[in-house]
Amino acid sequence: MSRPLTLSLTSARRLAVTCQHLAGPRPGNDLDGLRQVLRTLRCLQLDPVNVVARSHLLVLWSRVGGYDPDDVDVLLWRERWLFEYWAHAASIVLAEDYPIHQVMMRVYPAGESRYAQQVRDWLAANDALRQHVLDRLREKGPLPVGGFDDLAAVAWRSSGWTHGRNVERMLDFLWFQGHVMVAGREGRTRLWDLPERGLPQWAELEPLPREEAVTRAAEHALRALGVARAADIERHFIRSRYPGLSEVLSDLEASGRVVPAEVEGGDERWYVHRDVLGLLERDWKPRTTLLSPFDNLICDRERTERLWGFVFRTEMYVPKAKRQYGHYIMPILHGDRLVGRLVPRLDRRRARLEIEGLFPEPGTSADTATAVGRAVAELATFARAREIAYGDKVPDPWRAALSP
């Protein structure tokens, strides 16, 4: 058995940040640079919130700086190098990972939960709608949701917004099963088509054995995380879809693909992938940037608290009177530390980025403000804002250094 690495919290954080392309030289901001980042991250969470920019665009901006957002569409819809599927949430993922995602496609809706049984019963009762969707796509795809007739024999029942949305539910379930895919977008409206027309010709379609798919996914997750426990891997990339992960990690350790580690502050068993060990020896080249609330570095709240001592919660769905910071919160990454929270709002009509609040972590020096100000200016440029305004919830010692 390998002797565990011993990592200080600083070393663990720096490895995690470097593996995320948030330290060291920035990748290029062209298509090749975006591919480099995406091959590490493996997924970008999709979220409809667009306070400054869509989350998946901000995740890339934090890593490469200013780039053309249309390049993401090139990778998605022209090259088909990416596609939309369910990873740890609705996400943009890599076409080369299609065999990994097929594991979910083959079994959905699996399990004995009440919801899984509801989906199975509803699909069985609505086979006519299912066949109609597939036939219509075969004849006329790609199509938006409005391109289909509601032939449901049994309506979808829900206490939420999906209640009675039968065509949308059928498309979602067929998407989970891999029978349809998102082939394009008109604004935020998804266009649906059959996978054989939406995947690149080079895509690997042969199903993988489950253990091999879990092994590939676990290695991807670990390379992206830098250092992680089994539970961290389980919550990353294809969240909660790592059956047999313990045995997979044992085999990877035995083969030397991963090495065990101990991280200061606890006695948990951590892992580091062999491919990123060399990063521990490189000179530390920190950067300062702002993170999307759904950024890959902080999407696991428990791991974020363990490594950074940073308690982060989104407050978008918290009643205004109960919010501690604000509607839309961007964590501030300064080197290997999460040093505070920024609350921005983009006034698109006036082309003005408004910083409604800035909340430094205890002990964070106002000397950090100059670097944060540069990051805010870069965000404004990316968001096409011509002006930056700071609100009354920005501390006075920071204001002078932040102001352009």
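As a reminder, the structure under discussion sits directly above these lines.
Let us look at the structure shown here. (Residues numbered from 1 in each chain as written. Predicted model: local features only at pLDDT ≥ 70, side-chain atom pairs only at ≥ 80, totals over all residues. Heavy atoms only, no water.)

Some words on the sheet that holds strand 13 (residues 352-360)
Next up, step 1: One open sheet accounts for 5 strands, arranged 10-11-12-13-14; its pairing is mixed. Each end of this open sheet is capped by a strand with a single partner; those strands are strand 10 (288-290) and strand 14 (387-393). Pairs of neighbouring strands in the sheet enclose a mean axial angle of 30°, with direction left out of account.
Next up, step 2: The sheet contact formed by strand 11 (residues 330-334) and strand 12 (residues 337-347) spans 5 bridges and is antiparallel. From the neighbouring strand, isoleucine 332 faces strand 12, where its bridge partner is glycine 340. (Pairing = 2+ DSSP bridges. Helix = DSSP H or I, 4+ residues; strand = E, 2+ residues; numbered from the N terminus. Axes fitted to C-alpha atoms, helices over the stretch in contact; angles between N-to-C directions.)

Details of the environment of arginine 78
Next up, step 1: With respect to the secondary-structure elements, arginine 78 resides in helix 4 (residues 70-78).
Next up, step 2: Here arginine 78 falls in the exposed class, since its relative accessible area comes to 68%.
Next up, step 3: Between the C-alpha atom of arginine 78 and that of valine 37, which follows or precedes it by 41 residues, the distance is 19 Å. (Buried < 20%, exposed > 50% of the residue type's maximum accessible area, 1.4 Å probe, protein only.)

Points about the packing of helix 7 (residues 127-140) against helix 8 (residues 166-176)
Next up, step 1: Two numbers describe how helix 7 lies on helix 8: the axes approach to 10 Å, and their chain directions differ by 75°. Classified by the angle between their axes, helix 7 and helix 8 sit roughly perpendicular to one another. Each of Leu129, Arg130, Val133 and Leu134 in helix 7 lies in contact with helix 8, whose residues at this interface are Asn166, Val167, Met170, Leu171 and Leu174.
Next up, step 2: Its residues placed into classes, the contact of helix 7 with helix 8 shows 7 nonpolar, 1 polar and 1 charged. (Parallel < 35°, antiparallel > 145°, perpendicular 65-115°, else oblique. Contact = heavy atoms within 4.5 Å. Nonpolar A, V, L, I, M, F, W, Y, C, P; charged D, E, K, R; others polar.)

Focus on the nonpolar core
Next up, step 1: If you look at the biggest cluster of nonpolar residues, it comprises 103 residues, and the most contacted ones within it are Tyr67, Ile233, Tyr242, Leu290 and Val376.
Next up, step 2: Of all hydrophobic cores here, the second largest spans 27 residues; its members include Leu15, Trp270, Val272 and Val343. (Core = buried A, V, L, I, M, F, W, Y, C linked by side-chain atoms within 4.5 Å.)

Side note on the environment of tyrosine 98
Next up, step 1: Mapped onto the elements, tyrosine 98 comes out in helix 5 (residues 98-107).
Next up, step 2: A C-alpha to C-alpha distance of 9.8 Å links tyrosine 98 and glycine 178, two positions 80 residues apart in sequence.
Next up, step 3: Once residues within four sequence positions are removed from consideration, tyrosine 98 is found in contact with Phe83, Met105, Gly178, Pro195, Leu199, Glu204 and Leu205.

Here's the deal with the side chain of arginine 80
Next up, step 1: The residue arginine 80 is located in the loop between helix 4 and strand 3 (82-86) in this model.
Next up, step 2: For the buried arginine 80, which has no salt bridge, the nearest side chain bearing the opposite charge is aspartate 193, at an N-O separation of 6.8 Å.
Next up, step 3: Of the polar contacts made by the side chain of arginine 80, one reaches the backbone oxygen of alanine 183; its length is 3.0 Å.
Next up, step 4: In this structure, arginine 80 is in contact with Val74, Leu75, Ala95, Ala183, Gly198, Leu199, Pro200 and Trp202, ignoring residues within four places of it in sequence. (Lys, Arg positive; Asp, Glu negative; His and termini not counted. Salt bridge = Lys/Arg side-chain N within 4 Å of Asp/Glu carboxyl O. Polar contact = N/O pair within 3.5 Å; in protein donor to acceptor, adjacent residues only side chain to side chain.)

Brief notes about the sheet that holds strand 7 (residues 228-229)
Whether parallel or antiparallel, the strands of a sheet pair through hydrogen bonds between backbone atoms.
Next up, step 1: Strand order in the open sheet formed by 4 strands is 1-8-9-7, and the pairing between neighbours is mixed. Of all the strands in the sheet, just strand 1 (5-7) and strand 7 have a single pairing partner and so form its edges.
Next up, step 2: Seen against the sheet, helix 12 (residues 245-255) touches strand 8 (258-263) and strand 9 (270-273) and runs at an angle of roughly 105° to strand 8.

Re the pattern of salt bridges
Next up, step 1: Under the criterion given, the structure shown has 38 salt bridges.
Next up, step 2: Taking the shortest distance from any N to any O, the salt bridge between arginine 39 and glutamate 96 comes out at 3.7 Å. One end of the pair, arginine 39, is in helix 2 (residues 31-41); the other, glutamate 96, is in the loop between strand 4 (90-94) and helix 5, and 57 residues separate them in sequence.
Next up, step 3: The exposure class assigned to arginine 39 is partly exposed, which follows from its relative accessible area of 42%.
Next up, step 4: Glutamate 96 sits in the partly exposed class, given a relative accessible area of 29%.
Next up, step 5: Notably, a salt bridge pairs arginine 269 with glutamate 253, separated by 2.8 Å at the nearest N-O pair. Pair noted here: arginine 269 is in the loop between strand 8 and strand 9 and glutamate 253 is in helix 12, with a separation of 16 residues, a long-range link.

A few points about the side chain of aspartate 295
Next up, step 1: Assignment of secondary structure puts aspartate 295 in the loop between strand 10 and helix 13 (301-308).
Next up, step 2: You can call aspartate 295 buried: its relative accessible area is 0%.
Next up, step 3: From its side chain, aspartate 295 meets the backbone nitrogen of leucine 297 in a polar contact 2.8 Å long.
Next up, step 4: Here aspartate 295 is in contact with Gln20, Val59, Ser62 and Arg63, once residues within four sequence places are set aside.

Here we look at the packing of helix 5 against helix 10 (residues 210-225)
If you want to describe how two helices pack, look at the angle between their axes and the distance between the axes.
Next up, step 1: For the pair helix 5 and helix 10, the least separation of the axes is 9 Å and the interaxial angle reads 125°. Judged on the interaxial angle alone, helix 10 and helix 5 are oblique. Two packed elements cross with a definite hand, and for helix 5 against helix 10 that hand is left-handed. Along the contact surface, helix 5 presents Pro99, Ile100 and Val103, while helix 10 presents Arg210, Ala213, Arg216, Ala217 and His220.
Next up, step 2: Along the lines of polarity and charge, the residues of the contact of helix 5 with helix 10 split into 5 nonpolar, 1 polar and 2 charged. (Left-handed = near helix turned anticlockwise from the far one by under 90°.)

Comments concerning the pairing of strand 13
Next up, step 1: Relative to strand 13, strand 12 is paired through 8 bridges, and the arrangement is antiparallel. Bridge pairing links glycine 340 to proline 360 in strand 13.
Next up, step 2: Linkage of strand 12 to strand 13, two consecutive antiparallel strands, is achieved through a turn of 4 residues, within which alanine 351 is found at a positive phi near 55°.
Next up, step 3: Of the pairings in the sheet, the one linking strand 13 to strand 14 comprises 5 bridges and is parallel in character. Across the sheet, residue glycine 357 finds its bridge partner in strand 14, namely lysine 393.

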